[in-house]
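So the chains spell out like this:
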Amino acid sequence: MGYPVRAVEDGEVFQIKHFAGADGKVLYIRHKNSRITVYAHLFEFMPEIETLVRKERRQGKKYGFRIWLEKPIRIKKGSIIGYSGKSGTLSPHLHFEIRSSDNQPINPFKNGFPVADISPPILKGIVLEPADPSSAVEGGFAGRRFDFVQRDGEYILAKNPWVAGRVRITLEACDQTTAGSCNGVYRIEAYSKSSRCSFIVSFEKFSFRDNFKGLSIYQKESNFFKGRYLYRLFSIPSACTPFLDTKPYPSWPGWLEAGEYLTIKVYDASDNYAIGKILLKEDPGYYNFSDRVVKYPFLIKEGEKKAVSIDNGSFKLEFNPDSLCSRDYLSIQKKRKRGGQFIR
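Throughout, residues of each chain are indexed from 1 in the direction in which the sequence is written. Local features are withheld for residues below a pLDDT of 70 in this predicted model, meaning they are given only at 70 or higher, and side-chain atom pairs are given and counted only at 80 or more; totals for whole chains, interfaces and linings count all residues. To get the side-chain values, take all heavy atoms of the structure and skip hydrogens and water.

Draft legend 1. Expanded view of the overall build of the protein. Helix and strand counts for the protein stand at 1 helix and 26 strands. Note on exposure labels: buried denotes an accessible area under 20% of the residue type's maximum, exposed denotes more than 50%, and partly exposed covers the range between, all computed with a 1.4 Å probe on protein chains only. Counting across all 344 residues of the protein, residues that qualify as buried make up 44%. Every residue pair with non-hydrogen atoms within 4.5 Å of one another is taken to be in contact. Taking as baseline every contact in the protein between residues at least 6 positions apart, the subset at least 24 positions apart corresponds to 63%. For the protein, the computed accessible surface area is about 18,400 Å², with 50% contributed by carbon and sulfur atoms. Per the convention used, a helix needs a DSSP run of H or I reaching at least four residues, while a strand needs a run of E reaching at least two, with both numbered from the N terminus. What sets the accessible areas is the Shrake-Rupley method with a 1.4 Å probe; for residues, cover comes only from the shown protein chains.

Draft legend 2. Molecular detail of the nonpolar core. Side-chain atoms within 4.5 Å are what join buried Ala, Val, Leu, Ile, Met, Phe, Trp, Tyr and Cys residues into a set we call a nonpolar core. Counting residues in each nonpolar core, the largest one holds 30 residues, and the members touching the most others are Ile-126, Leu-128, Leu-171, Ile-188 and Ile-278. Residue assignment for this core shows that the elements contributing at least two residues are strand E10 (122–130), strand E12 (144–151), strand E13 (154–157), strand E15 (166–174), strand E16 (187–191), strand E17 (197–202), strand E20 (261–267) and strand E21 (273–279). Take this core: its biggest share by element is 5 residues, from E15. Once you skip the residues sitting within four places of it in the chain, Ile-126 turns out to touch Arg-144, Arg-145, Phe-146, Phe-148, Leu-157, Ile-169, Thr-170, Leu-171 and Ile-278. If you look at the next biggest cluster of nonpolar residues, it comprises 19 residues, including Val-5, Val-13, Ile-16 and Phe-65.

Draft legend 3. Seen up close, the sheet that holds strand E3 (residues 25–31). Sheet architecture is open: 6 strands sit in the order E6-E2-E3-E4-E8-E9, paired in antiparallel fashion. The two strands at the open ends of the sheet, each matched to only one other strand, are strand E6 (65–75) and strand E9 (105–106). Note: strand E8 (residues 95–99) against E9, 2 bridges, orientation antiparallel. The residue bridging Ile-98 from the neighbouring strand is Ile-106, located in E9. On the sheet, helix H1 (residues 47–60) packs against strand E2 (11–18), E3 and E6 and is oriented at approximately 155 degrees with respect to E6. When DSSP locates at least two bridges between a pair of strands, those strands are taken to pair. For helices, the axis comes from a line fit to the C-alpha atoms of the stretch in contact; other axes are also lines fit to C-alpha atoms, and the angle between any two N-to-C directions lies between 0 and 180 degrees.

Draft legend 4. Seen up close, the pattern of salt bridges. Basic side-chain nitrogens of Lys or Arg form a salt bridge, by our definition, when they fall within 4 Å of a carboxyl oxygen of Asp or Glu. Per the stated rule, a full pass over the model turns up 11 salt bridges. Measuring nitrogen to oxygen at the nearest pair gives 3.2 Å for the salt bridge that ties Glu-154 to Lys-277. Here the residue Glu-154 occupies a position in strand E13, and Lys-277 occupies one in strand E21, the gap between them amounting to 123 residues. In the salt-bridge network here, residues are joined through shared partners; they are Arg-145, Asp-147 and Glu-172.

Draft legend 5. Inspection of the packing of aromatic side chains at higher detail. Geometry of aromatic contacts follows a simple scheme: Phe, Tyr and Trp rings, the Trp one being its six-membered ring, pair when their centres are within 6.5 Å, and the pair is stacked under 30 degrees between planes, edge-to-face over 60, tilted otherwise. Under the definition given, this model contains 7 aromatic pairs. Between Phe-203 and Tyr-231, the ring centres sit 5.8 Å apart and the planes meet at 55 degrees, which makes this aromatic pair tilted. A residue pair is termed long-range when its members are at least 10 positions apart, and Phe-203 in the loop between E17 and strand E18 (230–232) and Tyr-231 in strand E18 qualify at 28 residues. For Phe-203, a relative accessible area of 11% puts it in the buried group. The exposure class assigned to Tyr-231 is buried, which follows from its relative accessible area of 0%.

Draft legend 6. View of the sheet that holds strand E7 (residues 80–84). Judged by pairing direction, the sheet is antiparallel, and its 3 strands sit side by side in the order E1-E7-E5 without closing on themselves. Here the strands that pair on one side only, and so sit at the sheet edges, are strand E1 (4–6) and strand E5 (42–45). Sheet twist, expressed as the mean angle between neighbouring strand axes with direction ignored, is 35 degrees. By the bridge criterion, 3 bridges tie E1 to E7 in an arrangement that is antiparallel. Paired with Arg-6 across the strands is Ile-80, a residue of E7.

Draft legend 7. Layout of the pairing of E7. Bridging between E5 and E7 involves 3 bridges; their strand directions are antiparallel. The residue of E7 that forms the bridge with Leu-42 is Ser-84.

Draft legend 8. Examining H1 more closely. For a helix, the expected span equals 1.5 Å multiplied by the residue count minus one. An ideal rise of 1.5 Å per residue puts 20 Å on 14 residues; H1 measures up with 20 Å between its terminal C-alpha atoms. Of all the residues in H1, the buried ones are Ile-49, Glu-50 and Val-53. What you see down the axis of H1 is that its buried residues fit within an arc of 105 degrees, all on one side. Across H1 from its buried face, at more than 90 degrees, point the exposed residues Pro-47, Thr-51, Arg-58 and Gln-59. Lining the buried residues of H1 we find E2, E3, E5 and E6. At the exit of H1 stands Lys-61, carrying a positive phi of roughly 55 degrees. Summarising the geometry, the arc corresponds to the directions from the helix axis toward the C-beta atoms.

Set out below in structure tokens:
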């Protein structure tokens, strides 16, 4: 708290925000290359800007406001523009962003702020879940986790899973930039048994409009504050997956069948990478799928009126295609038909 915050390049302060919540006290600087840097949660601004802010507070008689400067304030690289704090949040830290000329955040590690990172990402495990009502994992109908172990420089599963039918894969991985740290990875590639690249997801940039749609890649149970990063290696049935390099990716059905082999290649922003290999064994057992309750990640919220039904014997699923790209499209409702009644 109270550490000097310096401008990363020459530029002009063109916008100031001052709020009790959200990002708190924020400065926006536009640079010669038209990129924008953002400095948020400040304790206080440089004296010239503090004077403007106090004047605005007196005139407007309010704490929260935004100032667009008619005459931007010129800033030199390395000059102190404010001091770190915890405005708008609970713990002191500096929220820093680099944005493109169209005001969308981009990956700073790939745009002028490389880190001295020689450690490849860590692959921790996968979660397999049945992709349809006629599939199973290890004899059950719920998702199962399988851990990776490292062998000869690659990651393999400690136990090759037994599966029946088709399964979807969620990957747990993180990037260790410093000892003990766990950060999100930069890029994930999946190769099918034909060695063709079937799936690519890259975290290069995103728009604020699509930010919430990150849940279409991040597993929603992911807890970032505990260092867990879970990535769906499939796109949910909607056209709003913002990080896929190609939409839709034609050679990737989103699921694997028993007996198939998958290679996963995970990169960090310094181009270090780790390789994981997955082999699914075909389960010869017989399963009765007639009384199946399926856990899908894309069902509608409770009370949704416009629903499309898919009925497969005793299995019934309802979802609303219009809700898949809304802010609550991941809300889950599971229904089961029993004795003519739906039981939640």
